Amino acid sequence: MWDSETESVVGGRDFSNGVLTTSKHGVKTDGFEQRGQSWYVATDIPSDLLVQIGEVGFHLHKYPLLSRSGKLNRIIYESREAELNKMVLDDIPGGPEAFELAAKFCYGIAVDLTATIISGLRCAAEYLEMTEDLEEGNLIFKTEAFLSYVVLSSWRDSILVLKSCEKLSPWAENLQIVRRCSESIAWKACANPKGIRWQYTGKPLRVSSPKWNEMKDSSPSRNQQVPPDWWFEDVSILRIDHFVRVITAIKVKGMRYELIGAVIMHYASKWIPGLIKEGSGSGALAEDGSNSTNSNGSGSSWKGGLHMIVAGTKEDTPTVHAKDQRMIIESLISIIPPQKDSVTCSFLLRLLRMANMLKVAPALVTELEKRVGMQFEQAQMADLLIPCYNKSETMYDVDLVQRLLEHFLVQEQSESSSPVRQSFSDKNMYDGAQRGTNPNAKMRVARLLDSYLTEVSRDRNLSLTKFQVLAEALPESARSCDDGLYRAIDSYLKAHPTLTEHERKRLCRVMDCQKLSIDACMHAAQNERLPLRVVVQVLFSEQVKISNALANNSLKEAGESQYQPLISNRKTLLEGTPQSFQEGWAAAKKDINTLKFELESVKGKYLELQNEMETLQRQFDKMAKPKQTSAWTVGWKKLSKIGKTTENNDMGSQVANAEQTKKLPRRWRNSIS
């Protein structure tokens, strides 16, 4: 349908199977002869004009050329020389090959038009001004007709012509050859794969044993199924500017964004060595491509009808210089679809690595960082290990990861705070829960960040501030367990043994001891690199967790059977837990008991020291020197003693008299009686 080989007559115009001829010529010739770097007309008439193009010379005749070329005619007649027999045309598009074909056309020699030469011949005809004003059916008209009715109707020829336009700038652009071929390719790429009948470059099929359903149904229609990525290999041979034109036209046609992203990844893997891992396909479309076969129903070794002509082989991978690679990366960044998941996060990170290495424009790098932040939870730790290409002491670009994390948090907050925008994005994204409503996104990022911190912590030039800022970038709710963070902290302490006690305490503040598992607590209890205060906090938090677990289990067992004692509850708890938990719990309990015993010993020693201190204090008070007294003081003391003695005597006499008075009446009563 679209093959130029089957279309020789289009719209009533006879192209003689692509053979271009003219019946009017003034010099009879059998053709052109090449002698060294020069071309001669095979005729008896001597040549009177030499056309020099680079190192190639053409010995021709004026009349056949001047009758069809307005430019040559004007150069001859406007020249000051009476007999001009030489002219230089170094700037002719297509070079000597295109001029040779144009000269043969002027002499009436048959020219076989093909897709590989038509663009150069069309531009050369425009340069030589071979218009209809000079002669009807001139070269411009015939080449333009072949382009419009043959080339643009064929997928194969459109690709080849667009490829050949790479050396014809700006003539191919001005003549709209690039635009027309790009639109033709875009229209055919967006066509329904079920209706495709033209040849294209396929991918090698994966050799595997046939499944039962394939053996059961081996009809030709099934074997001729066309995958949705059938056009990837063909458009990937184009230069980056023409590839951008094709992708832009495909976007206008309304192709799915995931297919556009997949073809961008395929193009990048072909033109930027090392960007894509070996063996990784272009996305989820690989399995679809594995079912495609050629129209002839050949085996798995078929690589498509254009593979040897258009696509080449893996050994023909183009070598691209750094400047060209930078232009390719900048162009690819600009045409990536804005939808999330149009390309993988791994591809974006690898593209970002190359962009930093090749010093891509900062605005495009920032845009690429935002794209990575949109799907940062899909990243792999190996892709985050981007070397620091600027003048920095650190091995990896930690600041870049910090920016990516900030973009992720900003995107997360904006999506969660705008329900209208979220509902709109659901219509344009892949099916499934979005990250704004997926609480596991932050948890995945937290695990990824902990692994990254563990890796970069081995760098001795990584400052404590950068480590702490990156560790505290995520909210506390993002981590349900701090084992990964503890591993990163321990690795940092190993690589930085000269940290002070204050710096170690500051480092350990980023970790929550209550979120550590039993294994991490056991390791932390024996870790000499941790501050003592952190070790005590770890042991205390673990004891609290064990006590709470035992208490909860006791309450549960008491509710089920009140007659069982507490010991059976503990046994039931231990029997219901894994063996590793029981061993860890026993070891932790032993450590806690040891610490309790040591604490009681310290308390007893403290009380003994306190009693000894009080005894020494009393002895010191007794041994202190007595106070010095004056003579007046001694005198007053003696007088006070005498006064006290006199008073005692008076009181004694008074008591004796009183007793005597009490006894007298008694004696009188006795005497009377």
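The name given to the protein in an unreviewed UniProt entry is Root phototropism protein 3, and the organism recorded there is Forsythia ovata. Reading the Pathway (unreviewed entry) entry of the UniProt record for the protein gives the comment "Protein modification; protein ubiquitination." Quoted verbatim from the Sequence similarities (unreviewed entry) field of the UniProt record, the comment on the protein reads "Belongs to the NPH3 family."

## Here's the deal with the overall build of the protein
Scanning the protein from N- to C-terminus turns up 30 helices and nine strands. Looking at the protein as a whole, 43% of its 673 residues qualify as buried. The contacts of the protein with a sequence gap of at least 6 include a subset with a gap of at least 24, amounting to 73%. Counting every atom, the protein has about 38800 Å² of accessible surface; 53% of that belongs to carbon and sulfur.

## What to know about the environment of Glu129
Tracing the backbone shows Glu129 in the loop between α4 (118-128) and α5 (139-151). Spatially, the C-alpha atoms of Glu129 and Lys71 are 5.6 Å apart, while their sequence positions differ by 58 residues. In this structure, Glu129 is in contact with Arg68, Ser69, Gly70, Lys71, Arg74, Leu134 and Ile140, ignoring residues within four places of it in sequence.

## Considerations on the packing of aromatic side chains
Counted by the stated rule, this structure contains nine aromatic pairs. Ring centres of Phe467 and Tyr492 lie 4.9 Å apart, and the angle between their planes is 35°; on these two criteria the pair is classed as tilted. Of this pair, Phe467 sits in helix α23 (residues 464-471) while Tyr492 is found in helix α24 (residues 483-495), placing the two residues 25 residues apart along the sequence. A single burial state applies to Phe467 and to Tyr492, both of which are buried. Ring pairing ties together the aromatic residues Phe243, Tyr267 and Trp271, which thus form one cluster. Stacked on the ring of Tyr40, the Lys or Arg Arg35 has its end atom at 4.4 Å from the ring centre.

## Let's talk about the sheet that holds strand β6 (residues 49-53)
Within the open sheet, the five strands sit side by side as β4-β5-β7-β6-β8. Their pairing is mixed. In the strand order of this sheet, the two ends are held by β4 (32-35) and β8 (86-88), each with one partner. On average, each strand axis in the sheet is tilted by 20° relative to the strand beside it, whichever way the strands run. Helix α3 (residues 95-107) contacts β4, β5 (38-41), β6 and β7 (56-60) of the sheet and is inclined by roughly 10° relative to β7.

## Topic: the state of the cysteines
Note on terminology: disulfide describes a covalent bond linking the sulfur atoms of two cysteines. Scanning the entire structure with this criterion turns up zero disulfides. Free of any disulfide, Cys123 has its nearest cysteine sulfur in Cys165, 6.5 Å distant. A relative accessible area of 0% places Cys123 in the buried class.

## Thoughts on the packing of α5 against helix α6 (residues 155-164)
As a packed pair, α5 and α6 sit with axes 9 Å apart at the nearest point and diverge in direction by 135°. What the angle tells us is that α5 and α6 run oblique. Each of Leu147, Val150 and Val151 in α5 lies in contact with α6, whose residues at this interface are Asp157, Ser158 and Val161. Grouping the constituent residues of the contact of α5 with α6 by class yields four nonpolar, one polar and one charged.

Conventions and cut-offs
- Residues numbered from 1 in each chain as written.
- Predicted model: local features only at pLDDT ≥ 70, side-chain atom pairs only at ≥ 80, totals over all residues.
- Heavy atoms only, no water.
- UniProt positions renumbered as here; feature names shortened; annotations may be inferred.
- Helix = DSSP H or I, 4+ residues; strand = E, 2+ residues; numbered from the N terminus.
- Buried < 20%, exposed > 50% of the residue type's maximum accessible area, 1.4 Å probe, protein only.
- Contact = heavy atoms within 4.5 Å.
- Areas by Shrake-Rupley, 256 points an atom, 1.4 Å probe, with all protein chains shown as cover.
- Phe/Tyr/Trp six-rings, centres within 6.5 Å; stacked < 30°, edge-to-face > 60°.
- Lys NZ or Arg CZ within 6 Å of the ring centre and 35° of its normal.
- Pairing = 2+ DSSP bridges.
- Axes fitted to C-alpha atoms, helices over the stretch in contact; angles between N-to-C directions.
- Disulfide = S-S within 2.5 Å.
- Parallel < 35°, antiparallel > 145°, perpendicular 65-115°, else oblique.
- Nonpolar A, V, L, I, M, F, W, Y, C, P; charged D, E, K, R; others polar.

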